[in-house]
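# Reading the structure
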Amino acid sequence: MSSQPFRPGTRSIADSNSRRALRACNRRTFLTRRAAFSLLLIAPLAFPLGAQPGSRATDPYLARAKRILSQTPLVDGHNDLPWRIREDSIARGNVDAYDIRTRARGHTDLDRLKQGMVGAQFWSVYTPGDYADSGYARVQLEQIDIARRVIARYPDRLALALSTNDIRRNFKQGKIGSLLGLEGGHAIENSLGALRAYYDLGARYMTLTHNVTLDWADAALDSARHNGLTAFGDSVVREMNRLGMLVDLSHVSPATMSDALNVTQAPVIFSHSGARALVDVPRNLPDSILRRVTTNGGIVMVPFVTGFVSPAVMLYEQSTRPVIKDLEAKYGKDTAAITREITQWRVSHPSPRATLSQVADQIEYVRKVAGVDHVGVGSDFDGITEVPQGLEDVSTFPALFAELARRGWSDADLRKLAGENFLRVFAQAEAVAKRMQAR
Ligand SMILES: [Zn+2]
């Protein structure tokens, strides 16, 4: 989850990525339709005599990508379907009403997962760190409940996965190994007991923070209070190691990343973060941390979040901040009025588009600095409202692998990116847990 719904009483939306949620979806639809119409006009002129480069039916790189993804499970590190269902304007958290056997309103449904050749999926059980109507744990339990009911509702296509063995077995059976990724350490409410209970309910990674700094860990998008992790934060990391829950450092500050890397005995993951050298936003990793991921043996799973992969989108989003601040000052908690006005503003100030090629650039940069054994994919579909051109929904993953094949990636390296790197990391974390529990 990169964006959060904009609701009264939350932190300044200009300080988080929630402004993205204010963007009207209908503008994207409009652009897509317009783009499609332009293509219809141009295509016959540009590619006469049937010589259409990259034509999907004949693209040898796409054929290679599909062959690889049929043999190696593609493990996507982050998909926000459970929160998408909770917030859906019609289904409103009703798992039966949000039927993914039919074409879903969001980025994810069963047909498109099949086209996208998704082999295993971390379903994010995201909860907002600034949700004030009750303790975080209630919302967390509700999100785990939604995710587990989605998985249970489609037993011919999805299967709860709790281990590397589960992922491989589910893949052989033609099912999507479905893992739970807990987004936001606030959900443990400073309790290792709650952490253990979440593990027992199926959570296999936890981002130490979301966008809010906690009593024990600094977040990337909030002010630093501890210069990283506190002593209790260290004990959270150790307990996650002991349980076999992956330590996810997406969303935390560089100091927290560094402290966690000092403490952890298992490889860490970044379930949806890119490289700051290409797009300098706090949610991406500095090179110094990328190099430490190599030593740690962990993995950076690159997201499709447009503002994290496109410098132009990043600058555009920066330009919206003062506009949003002004609207907040003008309307206070009247979020409907703010949404209406920002939507109008965006129509007259359209955002540039990020591209599939820029996502590939991020993947290649992580490969260059951290190494080919330490890169993966963590889309953030259904947690984003804007998508890169060419990566519109979960059906599009093969196109990304085709692009990297075109850039010279070997089959072995594409397999690592797809799932072998993640499976190695998870297996090592399982081994560390076994060792620690035996003590
Ligand atoms: Zn997120």
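Before going into details, it helps to say that this report is about the structure given with it. (Residues numbered from 1 in each chain as written. Predicted model: local features only at pLDDT ≥ 70, side-chain atom pairs only at ≥ 80, totals over all residues. Heavy atoms only, no water.)

### Re helix α11 (residues 287-296)
As a reminder, the rule being used: Burial status follows relative accessibility: with a 1.4 Å probe on protein chains alone, a residue under 20% of its type maximum counts as buried, one over 50% as exposed, and anything between as partly exposed. Strands here mean DSSP runs of E at least two residues long; helices mean DSSP runs of H or I at least four residues long; both are numbered from the N terminus. Taken from the helix axis, the directions to the C-beta atoms give the arc we talk about. By definition, residues are in contact when any of their heavy atoms lie within 4.5 Å.
For α11, the full list of buried residues reads I289, L290, V293 and N296. Buried residues of α11, seen end-on, are gathered within an arc of 120° and therefore sit on one face of the element. Buried residues in α11 make contact with α10 (254-263), β7 (269-270), β8 (299-302) and α15 (356-370). Just beyond α11, the residue with positive phi is G297, at close to 85°.

### Observations concerning the pairing of β8
Counted only if it meets this: At least two bridges found by DSSP between two strands is the condition for calling them paired. Whether a crossover is right-handed comes down to one check: with the strands pointing away from the viewer, does the path from the first strand over the helix to the second run clockwise; if it does, it is right-handed.
What you see with β8 is no split at all: I299 and M301 on one side and V300 and V302 on the other are buried throughout. By the bridge criterion, two bridges tie β7 to β8 in an arrangement that is parallel. Its bridge partner lying in β8, I269 is registered against I299. In this fold, β7 hands off to α11, which returns the chain to β8; that crossover is right-handed. Bridge count between β8 and strand β9 (residues 375-377): three bridges; the pairing is parallel.

### Quick look at the pattern of salt bridges
Our working rule: Any carboxyl oxygen of Asp or Glu that lies within 4 Å of a side-chain nitrogen of Lys or Arg is treated as forming a salt bridge with it.
Scanning the model with the defined rule gives 26 salt bridges in all. Between D393 and R112 there is a salt bridge whose closest N-O contact spans 3.1 Å. A residue pair is termed long-range when its members are at least 10 positions apart, and D393 in the loop between β9 and α16 (397-406) and R112 in helix α5 (residues 110-115) qualify at 281 residues. Here R138 ties to E142 by a salt bridge, and the two come within 2.7 Å at their closest N and O atoms. Taken together, the residues R138 and E142, both in helix α6 (residues 136-153) and four residues apart, mark about one turn of the helix. The exposure class assigned to E142 is partly exposed, which follows from its relative accessible area of 27%. The network of salt bridges with common partners includes D59, D361, E364, E403, R406 and R407.

### Points about the packing of aromatic side chains
Worth spelling out the cut-off: Two rings belonging to Phe, Tyr or Trp (six-membered ring only in the last case) form a pair when the distance between their centres is within 6.5 Å. Interplanar angles under 30 degrees mark stacking, angles over 60 mark edge-to-face geometry, and anything in between is tilted. By the criterion adopted, a ring carries a charge over it if an Arg CZ or a Lys NZ lies within 6 Å of its centre and within 35 degrees of its normal.
Counting across every chain of the model gives nine aromatic pairs. Consider the rings of W216 and F232, whose centres lie 6.0 Å apart with planes at 80°: the pair is edge-to-face. In this pair, W216 sits in the loop between β5 (203-207) and α9 (231-243) while F232 sits in helix α9, placing the two residues 16 residues apart along the sequence. Of the residues examined, W216 reaches a relative accessible area of 1% and is grouped as buried. Take F232: its relative accessible area is 26%, and that puts it in the partly exposed class. One aromatic cluster is present, built from ring pairs that chain together F122, Y205, F422 and F426. The ring of Y199 carries R204 above its face, with NZ or CZ at 3.7 Å from the centroid. The side chain of R367 reaches across the aromatic face of W409, ending 4.5 Å from its centre.

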